Amino acid sequence: MNYDQARWTEDDDRYEPLLAEKRSTEVAVEDSPLPDDLTRDGLDLPDLAEPELARHYTRLSQMSYGVESGPIPLGSCTMKYNPGFTEDVAALPGAGTHPDRSEGTVQGNLELRYRLQEYLAAIGGMESVTLQPPAGAAGEFTGILVAKAYHEHHGEERSEIIVPESAHGTNFASAALAGYDVVELPSAEDGRVDVEALRAAVGEDTAALMLTNPNTLGLFERDIEEVAEVVHEAGGLLYYDGANLNALLGRARPGDMGFDVMHYNVHKTFATPHGGGGPGAGPVGVVEELAPFLPTPQVRKTDSGYETVEPERTVGKVHGFAGNWLVLIKTYAYIARLGDAGLADASAKAVLNANYLASRIDYEIPFSPFHHEFVASAGRDAADVARRMLDYGVHPPTTKWPEAVDEALMTEPTEAETRDSLDHLARAFDQAAADDDDALEAAPERTAARRIDQASAARSPRLSWQALDE
């Protein structure tokens, strides 16, 4: 960035990039037909010429680091590159149809939805899929609602859902939001599910066990069939969190492991844009016994074309119309473009890249063998290491989670990165590791914004084009 455009505020307490561009001019408000208490005498508006405005937004884009700038190895979050061709497909005029149009006039759209349902079902080893949920967390909630409806239909009022201690926070939230008590399951010493602890936890109140495989340490749950048997013997269901499906894509299926319901994170597995508040998509797949409870509508194929139907015991709608339609188009385009061989190759490269990067960095990695991601120990404050990595021109990994690893650096390079990119990332890891404590505590020094009070920024954000001291 151009540092001449940045200024400190008068109290030298807040650093404001582009403060010099926050000029304004007062515009007088002429006579108005509105009542006096609804009008004002003047209004401050930005006072920038068009070239200044264009340069302002260009500088903002240069100050932001995205996946098109370099790798973002956030473990679990899976920030992978989104191929441009899917954007082109979603921008085709035929994609821009109104959701209220009659089914006879949108047969192509219905066919795409039907095919995507079938693709996802085949990939996950599921019987049926709904495309409605607008994000992974929404998919979790939908899957739990389906499980709840299933149990209630069979006259069972189960009150508990078991969640491993290393699970995503949304698992706990989804279970609680659906009205369940959450039972936290400890991990075994090897970082996987403690089967004996699971046996002690399940019972007649168990509605489901929520699990991702590989788990958040990148470890495959080797006892998954036994885990499924324990849960099913208690009358519960096995829920698959699709966060790490890209480690198994085209090689293993949750349905074949004994999972009954799952959601797909299409931004993680199928390279659609990461939601970041929206739009996203989190389709849900279920086995045959749960299919009647899926949200409405579903798309089915008929002798004359395609039509929407309402499942027999549906939980209702969880999102408007067909879900986030343009995101689903990108999902379909990605799967269709890669095909079976391409999807299997993507998972192979995801695992290869994670293991290659881990072999190149000088950090302790307590748990192995891992798949698409690994968790290293920083050996000092992981947040400081992450900030220092910013000075070396890369985005750091997820920090301080899962707690099974001290000062965790949870790292997932994804299948999209080249060997050169991974080597560059490894150098940044090792340079940060070699720096002394003073350098880490002062970092970052080369970014547009330095250390910020993240808690205050989240709780009391101040977002304005005006200077913060005004």
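Residues numbered from 1 in each chain as written. Predicted model: local features only at pLDDT ≥ 70, side-chain atom pairs only at ≥ 80, totals over all residues. Heavy atoms only, no water.

Engineer: Provide a residue-level description of the nonpolar core, including the pertinent values.
Structural biologist: Judged by nonpolar contacts, the single largest core of 70 residues is most densely connected at I161, L198, V227 and F270. The greatest single-element share of this core, amounting to 8 residues, is contributed by helix 10 (residues 325-360). Other than its neighbours up to four places away in sequence, F270 contacts L120, I123, L249, Y264, N265, T331, Y334, I335 and L343. Judged by nonpolar contacts, the second largest core, of 28 residues, contains I361, F374, A382 and L425. (Core = buried A, V, L, I, M, F, W, Y, C linked by side-chain atoms within 4.5 Å. Buried < 20%, exposed > 50% of the residue type's maximum accessible area, 1.4 Å probe, protein only. Helix = DSSP H or I, 4+ residues; strand = E, 2+ residues; numbered from the N terminus. Contact = heavy atoms within 4.5 Å.)

Engineer: If you had to explain the sheet that holds strand 6 (residues 160-164) to someone new, which residues and values would you point to?
Structural biologist: If you trace the 7 strands from one edge of the open sheet to the other, you get 5-11-10-9-8-6-7, paired in mixed fashion. Edge positions in the sheet fall to strand 5 (128-130) and strand 7 (181-185), since each of these pairs with one other strand and no more. Averaged over all adjacent pairs, the angle separating strand axes in this sheet is 25°, with direction ignored. Pairing geometry for strand 6 and strand 8 (residues 206-211), over 3 bridges, is parallel. Counterpart to I161 in the pairing with strand 8 is A208. Lying on the sheet, helix 3 (residues 107-124) is in contact with strand 5 and strand 10 (261-264); it crosses strand 10 at an angle near 120°. Docked against the sheet, helix 4 (residues 136-153) engages strand 6, strand 8, strand 9 (237-242), strand 10 and strand 11 (284-286), running at close to 170° with respect to strand 9. (Pairing = 2+ DSSP bridges. Axes fitted to C-alpha atoms, helices over the stretch in contact; angles between N-to-C directions.)

Engineer: Outline helix 3, listing residues and values.
Structural biologist: Taking 1.5 Å per residue, 18 residues should reach 26 Å; helix 3 reaches 26 Å between its end C-alpha atoms and fits that length. Taken as a whole, helix 3 has its buried residues at N109, L110, L112, R113, Y114, L116, Q117, L120, A121, I123 and G124. Of the surrounding secondary structure, the elements contacted by the buried residues of helix 3 are strand 5, helix 8 (254-257), strand 10, strand 12 (298-302), strand 13 (305-309) and helix 10. Immediately downstream of helix 3, the backbone of G125 shows phi near 70°, a positive value. (Expected span 1.5 Å × (residues − 1).)

Engineer: Pulling in residues and values, what's your account of the packing of helix 11 (residues 382-391) against helix 12 (residues 419-434)?
Structural biologist: It is the contact of helix 11 with helix 12, at a shortest axis distance of 9 Å, that shows an interaxial angle of 125°. Comparing the axis directions of helix 11 and helix 12 gives the class oblique. Between helix 11 and helix 12 the crossing geometry is right-handed. Each of V385, R388 and M389 in helix 11 lies in contact with helix 12, whose residues at this interface are L425, A428, F429 and A432. Looking at the contact of helix 11 with helix 12, its residues break down into 6 nonpolar, no polar and 1 charged. (Parallel < 35°, antiparallel > 145°, perpendicular 65-115°, else oblique. Left-handed = near helix turned anticlockwise from the far one by under 90°. Nonpolar A, V, L, I, M, F, W, Y, C, P; charged D, E, K, R; others polar.)

Engineer: Explain the confidence of the model for the chain to me, and be specific about the residues and the numbers.
Structural biologist: For the chain, per-residue confidence averages 92 on the pLDDT scale, and residues scoring 70 or more make up 94% of the total. When the criterion is pLDDT under 50, residues 1-9 qualifies, and its contacts beyond four places in sequence or with other chains add up to 29 contacts. (pLDDT = per-residue confidence, 0-100.)

Engineer: I'd love a proper account of a nonpolar patch on the surface, names of residues and values included.
Structural biologist: A surface patch of nonpolar side chains, amounting to about 280 Å² of accessible area, comprises L53, Y57 and L60. Residue classification places L60 among the partly exposed residues on the basis of a relative accessible area of 31%. (Patch = residues over 30% accessible without salt bridge, like charges linked within 9 Å, V, L, I, M, F, W, Y side chains within 5 Å. Areas by Shrake-Rupley, 256 points an atom, 1.4 Å probe, with all protein chains shown as cover. Salt bridge = Lys/Arg side-chain N within 4 Å of Asp/Glu carboxyl O.)

Engineer: So what's going on with the packing of aromatic side chains? Which residues, and what values?
Structural biologist: The geometry of an aromatic ring pair is captured by the separation of the ring centres together with the interplanar angle, meaning the angle of the planes. This model, assessed by the stated rule, comprises 6 aromatic pairs. Ring geometry for Y240 and F259: centres 4.8 Å apart, planes at 80°, overall edge-to-face. Highlighted residues: Y240 in strand 9 and F259 in the loop between helix 8 and strand 10, separated in sequence by 19 residues. Given a relative accessible area of 1%, F259 falls into the buried group. In this arrangement the basic side chain of K148 is found over the ring face of Y180, its NZ or CZ atom lying 5.5 Å from the centre. Over the face of the ring belonging to F85 we find R337, whose NZ or CZ atom lies 4.3 Å from the ring centre. (Phe/Tyr/Trp six-rings, centres within 6.5 Å; stacked < 30°, edge-to-face > 60°. Lys NZ or Arg CZ within 6 Å of the ring centre and 35° of its normal.)

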